Amino acid sequence: MHADIGNALDGALGLDRAALDDVDDRVASAHERVERGRADGAHGYAALNLPETCDPDPVERVAAGFDPESLFTVGIGGSALGAATITDALDSPVDAYYLDNVDPEWVSALCDRVDLSETVVNVVSRSGTTAETLSNFLVVREAMDDAGVDWTERTVVTTGAEGNLRSLADRHDLPALDVPDGVPGRFSALSPVGLFAAAVSGHDIEALLAGGAAEAEKLSGSLYDSPAYAYGATSYALAERGAAVDAMMPYAESLERFAEWFAQLWAESLGKDGRGQTPARALGATDQHSQLQLYRAGPADKLVTLVRPTERSDTPIPETDLEGLSYLGGSSLGELLDAEFRATEASLAAAGRENVRLEVDRVDERGLGELLYAMEAACVLYGELADVSTFTQPAVEWGKKAARGLLGGGEFAEADAVRDKRRLEID
Ligand SMILES: O=P(O)(O)OC[C@H]1O[C@H](O)[C@H](O)[C@@H](O)[C@@H]1O
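Residues numbered from 1 in each chain as written. Predicted model: local features only at pLDDT ≥ 70, side-chain atom pairs only at ≥ 80, totals over all residues. Heavy atoms only, no water.

1. With respect to the sheet that holds strand β4 (residues 119-125)
Backbone hydrogen bonds hold the strands of a sheet together, and the pairing may be parallel or antiparallel.
Working step 1: Taking strand neighbours across the sheet as the criterion, the 5 strands line up as β3-β2-β4-β5-β6 in an open arrangement whose pairing is parallel. Across the chains shown, the open sheet's two edge strands, defined by having one partner strand only, are β3 (95-99) and β6 (176-178). Looking at each pair of strands side by side, their axes are set apart by 20° on average, direction ignored.
Working step 2: Running over the sheet, helix α6 (residues 131-146) touches β2 (70-74), β3, β4 and β5 (155-159) and is turned about 160° from β4. (Pairing = 2+ DSSP bridges. Helix = DSSP H or I, 4+ residues; strand = E, 2+ residues; numbered from the N terminus. Axes fitted to C-alpha atoms, helices over the stretch in contact; angles between N-to-C directions. Contact = heavy atoms within 4.5 Å.)

Below, the structure is given as structure tokens:
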């Protein structure tokens, strides 16, 4: 991945090169802490070792046992978004569906619509306790039973070393993949959690890991030597000066989900102790015609992150004799998209609005591996600089307990708070 942080300097938020150099002095010690954590395989930091420690063989072996028309990944948050980012980005013969939400109409319509006898179900939960995932799995399993499909022949389990799902896999002798120790869900894209969907869809998971390894090699004690750290340190420095929002805006339809994955990574990891940066999801060029007005002329409280591949297959724009449109003829959709990318970058910079450019060669397995790993490393560095507990999510756990208490799954004080809701009702 290549990062260009030039437009993050000397804008409305006042980050200049001297201030960034000061942050760089702290990057050295932050990097040492990250390296120590990686060497110890400590919780969270272990995720940055995945390009070396993740063995693609078991994933490929389990995937080779299936030749499905469709894939249901039943999981939520980090147990779905990494895989979804990869399969959405790459052309695939397998229809990949992600059953993360528990919207009853949507789930049952999906089970009715898809041929379950040609579907593989991968139920993914690190903890094996997530209510949405287990409920959706039970619904899908029953739908398979009802359709006369032997679910045990078509189900893969991806989970931690023990728990409900591990017991289920053992009891029914299901193929099982491991969520590696020390790897939180939102950092698990380059583990079996993200890679099974890619492998069963025929993608090269070794190239995904190689992309991650290439970014890992560039991590160093200076932000000026590592694109991942350049991004993490710049985002942190801007956040400290008031960039409360990070608008992730890929210029590739195939990377729309990447912005969703990034949102979880950034929000859950860094939103702590009254700090953090709110991720916004945008898509170039579409959102130039929607959100860009705000990004350029609204509050100066944002970093806009522009992502693009430098190479892509292209489609020529046919010649036309329509007056006013002839300049488009002989050009291509790719050239138009690139011109829009550069115009947006310049338009933000001209208004003093900070933006960063991130580029990969192509949206392929290698490029995705680079991008996913680099954003994870950027996030870990940001967390070190901000001194937050990057790998926990206590605020999310609060809501989980409240919901569980409401459903009769135990006594939780959090559920009482739901019952005590204040009301001021207007009809
Ligand atoms: O993999 P699971 O244990 O089912 O967890 C799925 C998701 O659950 C929670 O919402 C956490 O905040 C997420 O970080 C996690 O990715």
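2. Points about the UniProt feature "active site" (unreviewed entry) in the chain
Working step 1: Taking the numbering used here, the UniProt-annotated feature "active site" (unreviewed entry) corresponds to Glu268, His289 and Lys400. With a sequence span of 133 residues, these residues are also far apart in the fold, their greatest C-alpha distance being 37.1 Å.
Working step 2: Structurally, the position occupied by Glu268 is in helix α11 (residues 256-270).
Working step 3: In this view, Glu268 contacts Arg186, Thr390, Thr392, Gln393 and Val396; residues no more than four positions away in its chain are not counted.
Working step 4: Within the secondary structure, Lys400 sits in helix α15 (residues 394-406). (UniProt positions renumbered as here; feature names shortened; annotations may be inferred.)

3. A look at the packing of helix α1 (residues 17-40) against helix α14 (residues 365-386)
Working step 1: One way to put it is that α1 packs onto α14 with a least axis distance of 9 Å and a crossing angle of 110°. As far as their axial angle goes, α14 and α1 are roughly perpendicular. The handedness of the crossing between α1 and α14 comes out as right-handed. The residues of α14 that touch α1, namely those facing Val23, Arg26, Val27, Ala30, Arg33, Val34 and Arg38, are Tyr373, Val380, Leu381, Glu384 and Leu385.
Working step 2: Looking at the contact of α1 with α14, its residues break down into 8 nonpolar, no polar and 4 charged. (Parallel < 35°, antiparallel > 145°, perpendicular 65-115°, else oblique. Left-handed = near helix turned anticlockwise from the far one by under 90°. Nonpolar A, V, L, I, M, F, W, Y, C, P; charged D, E, K, R; others polar.)

4. Observations concerning the packing of aromatic side chains
Working step 1: Considering all chains together, one arrives at 11 aromatic pairs under this definition.
Working step 2: Taken together, a centroid distance of 5.8 Å and an interplanar angle of 80° make the contact between Tyr236 and Tyr382 edge-to-face. Taken together, the residues Tyr236 in helix α10 (residues 227-240) and Tyr382 in helix α14 connect sequence positions 146 residues apart.
Working step 3: For Tyr236, a relative accessible area of 6% gives the class buried.
Working step 4: Put simply, the rings of Tyr231, Tyr236, Phe262, Trp266 and Tyr382 pair up and form one aromatic cluster.
Working step 5: Directly above the ring of Tyr224 sits Arg17, whose terminal nitrogen or CZ lies 4.3 Å from the centroid.
Working step 6: The ring of Trp151 carries Arg141 above its face, with NZ or CZ at 4.7 Å from the centroid. (Phe/Tyr/Trp six-rings, centres within 6.5 Å; stacked < 30°, edge-to-face > 60°. Buried < 20%, exposed > 50% of the residue type's maximum accessible area, 1.4 Å probe, protein only. Lys NZ or Arg CZ within 6 Å of the ring centre and 35° of its normal.)

5. Remarks on the environment of Val418
Working step 1: Locating Val418 in the fold gives a position in helix α16 (residues 413-419).
Working step 2: Each C-alpha atom of the pair Val418 and Leu328 lies 57 Å from the other, and the pair is 90 residues apart in sequence.
Working step 3: Ignoring anything within four residues of it in the chain, the contact list for Val418 reads Ala402 and Leu406.

6. Observations concerning the site of the ligand
Working step 1: In the vicinity of the ligand lie 14 residues, with Ser79, Ser125, Ser127, Thr130 and Glu268 positioned nearest.
Working step 2: The side chain of Ser125 places a nitrogen or oxygen atom 2.6 Å from an oxygen atom of the ligand.
Working step 3: Within the side chain of Gln264, one N or O atom sits 3.4 Å away from an oxygen atom of the ligand.
Working step 4: Expressed as a share of its isolated accessible area of 390 Å², the protein-covered part of the ligand is 89%.
Working step 5: Going through the elements one at a time, α11 and α15 are the ones with two or more residues in the shell around the ligand. (Near = heavy atom within 4 Å. Polar contact = N/O pair within 3.5 Å; in protein donor to acceptor, adjacent residues only side chain to side chain. Areas by Shrake-Rupley, 256 points an atom, 1.4 Å probe, with all protein chains shown as cover.)

7. Details of the side chain of Ser226
Working step 1: Tracing the sequence through the fold places Ser226 in the loop between α9 (205-218) and α10.
Working step 2: Setting aside chain neighbours within four positions, we find Ser226 in contact with Lys218, Leu219 and Ser220.

8. Considerations on the sheet that holds strand β7 (residues 245-250)
Working step 1: Taken in spatial order, the 5 strands of this open sheet run β1-β10-β9-β7-β8, and their pairing is mixed. The open sheet terminates on both sides in strands that have one partner only, identified here as β1 (2-4) and β8 (278-281). The average undirected angle you get between the axes of adjacent strands in this sheet is 20°.
Working step 2: As defined by bridge partners, strand β9 (residues 302-309) adjoins strand β10 (residues 355-360) across 6 bridges and the pair is classed as parallel. Residue pairing across strands places Pro309 opposite Val360, the latter belonging to β10.
Working step 3: In the packing of α10 onto the sheet, contacts are made with β1, β7, β9 and β10, and the angle to β9 comes to roughly 160°.
Working step 4: In the packing of helix α13 (residues 333-350) onto the sheet, the strands contacted are β9 and β10, and the crossing angle to β9 comes to about 160°.

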